[in-house]
Amino acid sequence: MKNFKKVIALFAVIMLFTLSLSGCKKNKDDKLVTVRLNEVVRSLFYAPMYVAINEGFFEEEGIEIDLSTGQGADKTMQQVLSGNADIGFSGPEQIIYIYNQGRDDYPIVFAQLTQRDGSFLVGNKEEKNFDWKSLKGKTVIGGRPGGVPEMTFEYVLKKNGLDPKEDLEIITNIAFTATAGAFKSGTGEYVTLFEPTATTLVEDGSGHIVASIGDSAGPIPYTCYFATKSYMEKNPEIIEKFTRAIYKGQLWVQEHSEDKIADKIASFFPGIDKEILTKSIRSYKDINAYADTPVMTEESLDRLMDIIESYDNNLMPQRPEFNIIVDNSYSEKVIDE
């Protein structure tokens, strides 16, 4: 009888241990909810998002990310509006434009990832004491007309007393992916580039980073996450969990070195040397480009709208109220936990 009781006790212990293990595995074994996310471009500028994916922060929230790349903010917006993507990731200017069109089911921002322009001014010679006024009479390869990189660049020029249309020549008809090549072939004395392209030109001796456009422009909500009003109303739990995963990625980037971040996101940038990845991430950390939290401030959005108006006030007939196109409730909840 004693032996029988021992067997029963042992069996009970084994069962409890097995159940505890299955409980630990529950999150991984449960079916994940797929969220279709469309990013505007693939960029080191978005390191916290790639960390969140590779570190498993979305999986911890029960989400599997189906990531696609729009290759343009307008294209990303169309993916969301057409229902081909659940969440879009681009500049909030697209939300402003769509709101001005009077659409009923307009997109709403619920989280921010970057808080400065991520482009750098690269010149064909080293300038340790660069002065923006020295661009007078020069030729610069800029960005797409009407795009935020180009608008921000021209905003910085105006801040420094230059007229973008009169004081220098800005080339804006070269494709985003071809600007570095055009500069290397001899077009212009300067070019505006994102990382890691800017550092790549420095490393191969083709150029010199002379200034940060983002540092000169000041804080703006450069890239953010948004979804249609109807999607957010139907899926508040997904929006909250998504935001929490992004916040975890932001904290991870704040707490780890450029070297560790480069290791974590290298799979998203095959073929790019780790040293270039590391230096590029350092460039973004140096200008405080990565937002500390997913909360967007009204002040920064106002600055973005100032930039749009200074470029072409026809792009924004009406400045939408902050609380109409931005919902910070999810971001505020996850950072208060």
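Please refer to the structure placed before this passage.
None of the values given here were measured: they were computed from a predicted structure. (Residues numbered from 1 in each chain as written. Predicted model: local features only at pLDDT ≥ 70, side-chain atom pairs only at ≥ 80, totals over all residues. Heavy atoms only, no water.)

Section: the overall build of the protein
Within the protein, the secondary structure is distributed over 17 helices and 10 strands. Projected onto its principal axes, the C-alpha coordinates of the protein cover approximately 100 × 50 × 30 Å. For the protein, the proportion of its 337 residues judged to be buried stands at 50%. The contacts of the protein with a sequence gap of at least 6 include a subset with a gap of at least 24, amounting to 81%. When the accessible surface of the protein is totalled, it reaches about 16,100 Å², and 49% of it is carbon and sulfur. (Helix = DSSP H or I, 4+ residues; strand = E, 2+ residues; numbered from the N terminus. Buried < 20%, exposed > 50% of the residue type's maximum accessible area, 1.4 Å probe, protein only. Contact = heavy atoms within 4.5 Å. Areas by Shrake-Rupley, 256 points an atom, 1.4 Å probe, with all protein chains shown as cover.)

Regarding the side chain of E154
Inspection of the secondary structure puts E154 in helix α7 (residues 148-159). Buried and unpaired, E154 has no salt bridge, with K165 as the nearest side chain of opposite charge at 4.5 Å. (Lys, Arg positive; Asp, Glu negative; His and termini not counted. Salt bridge = Lys/Arg side-chain N within 4 Å of Asp/Glu carboxyl O.)

Here's the deal with α7
For α7, which comprises 12 residues, the first-to-last C-alpha distance of 16 Å matches the rise-based estimate of 16 Å (1.5 Å per residue) to within 8%. The buried fraction of α7 amounts to 9 of the 12 residues, a majority that puts the element mostly inside the structure. V148, E150, M151, T152, F153, E154, Y155, V156 and L157 are the residues of α7 that are buried. Just past α7, the residue G161 takes up positive phi, approximately 80 degrees. (Expected span 1.5 Å × (residues − 1).)

Remarks on the pattern of salt bridges
Taken as a whole and assessed by the stated rule, the structure comprises 17 salt bridges. The residue K279 makes a salt bridge to E203 at a minimum N-O spacing of 2.9 Å. Of the two residues, K279 sits in helix α14 (residues 274-286) while E203 sits in helix α9 (residues 197-203), which places them 76 residues apart along the sequence. A relative accessible area of 28% means that K279 is categorised as partly exposed.

Description of the sheet that holds strand β5 (residues 119-123)
Spatial ordering of the open sheet is given by β7-β6-β8-β5-β9, a layout of 5 strands whose pairing is mixed. One side of each edge strand has no neighbouring strand; the edge strands of this open sheet are β7 (169-171) and β9 (208-212). Strand-to-strand twist across the sheet, computed as the mean angle between neighbouring axes with direction ignored, equals 30 degrees. Note: β5 against strand β8 (residues 190-194), 5 bridges, orientation antiparallel. Bridging across to β8, F120 finds its partner in L193. Running at roughly 170 degrees to β7, α7 makes contact with β5, β6 (139-141), β7 and β8 of the sheet. (Pairing = 2+ DSSP bridges. Axes fitted to C-alpha atoms, helices over the stretch in contact; angles between N-to-C directions.)

Regarding the pairing of β5
Regular strands place side chains that alternate from one sheet face to the opposite one. Among the 5 residues of β5, 5 are classified as buried, and the element is accordingly described as predominantly covered. Side chains S119, L121 and G123 of β5 all project onto a buried face; the interleaved residues F120 and V122 project onto the opposite face, where all are buried too. Examined bridge by bridge, β5 and β9 share 4 bridges and lie antiparallel to one another. If you follow G123 over to β9, its bridge partner there is H208.

Remarks on the layout of surface pockets
The computed volume of the largest pocket comes to approximately 910 Å³. Lining the largest pocket are 35 residues; nearest its centre among them are V41, P149, F176, T177 and F194. Contributing elements (two or more residues each) for the lining of the largest pocket: α5 (73-81), α7, α8 (179-184) and β8. A volume near 170 Å³ is recorded for the second largest pocket. If you go around the second largest pocket, the residues you meet are Q112, Q115, P219, A291, D292, T293, V295, M296, T297, E299, S300 and R303. Counting residues per element, the lining of the second largest pocket draws most heavily on helix α15 (residues 298-311), which supplies 3 residues. Tallied by class, residues from the lining of the second largest pocket come to 4 nonpolar, 5 polar and 3 charged. (1 Å grid on protein atoms, 1.4 Å probe; cavity = no way out; pocket = protein on both sides within 12 Å on 5 of 7 lines; lining within 4 Å. Points joined across faces, edges and corners; volume = space filled by probe spheres on them. Nonpolar A, V, L, I, M, F, W, Y, C, P; charged D, E, K, R; others polar.)

Quick word on unusual backbone geometry
Of note, the bond from E195 into P196 is cis; its omega dihedral lies within 30 degrees of zero at 5 degrees. You can see P196 is positioned in the loop between β8 and α9. In the Ramachandran plot, Q71 falls in the positive-phi region, its phi being about 60 degrees despite a non-glycine side chain. When you line up the elements, Q71 lands in the loop between β2 (63-69) and α5. Its identity as a non-glycine residue notwithstanding, N288 has a phi of 60 degrees, on the positive side. You can see N288 is positioned in the loop between α14 and α15.

Here we look at helix α13 (residues 258-265)
Among all positions of α13, only E258, I261, A262 and I265 are buried. Within α13, the buried residues cover an arc of 100 degrees as seen down the axis, which keeps them to one side. Check the buried side of α13 and you find it contacts α3 (47-54), α12 (236-255) and α14. (Arc of directions from axis to C-beta.)

Notes on the sheet that holds strand β1 (residues 33-39)
Pairing is mixed across the open sheet formed by 5 strands, whose spatial order is β2-β1-β3-β10-β4. Sheet topology places β2 and β4 (107-114) at the edges, where each strand pairs with a single neighbour. The sheet shows a mean angle of 25 degrees between the axes of neighbouring strands, direction not considered.

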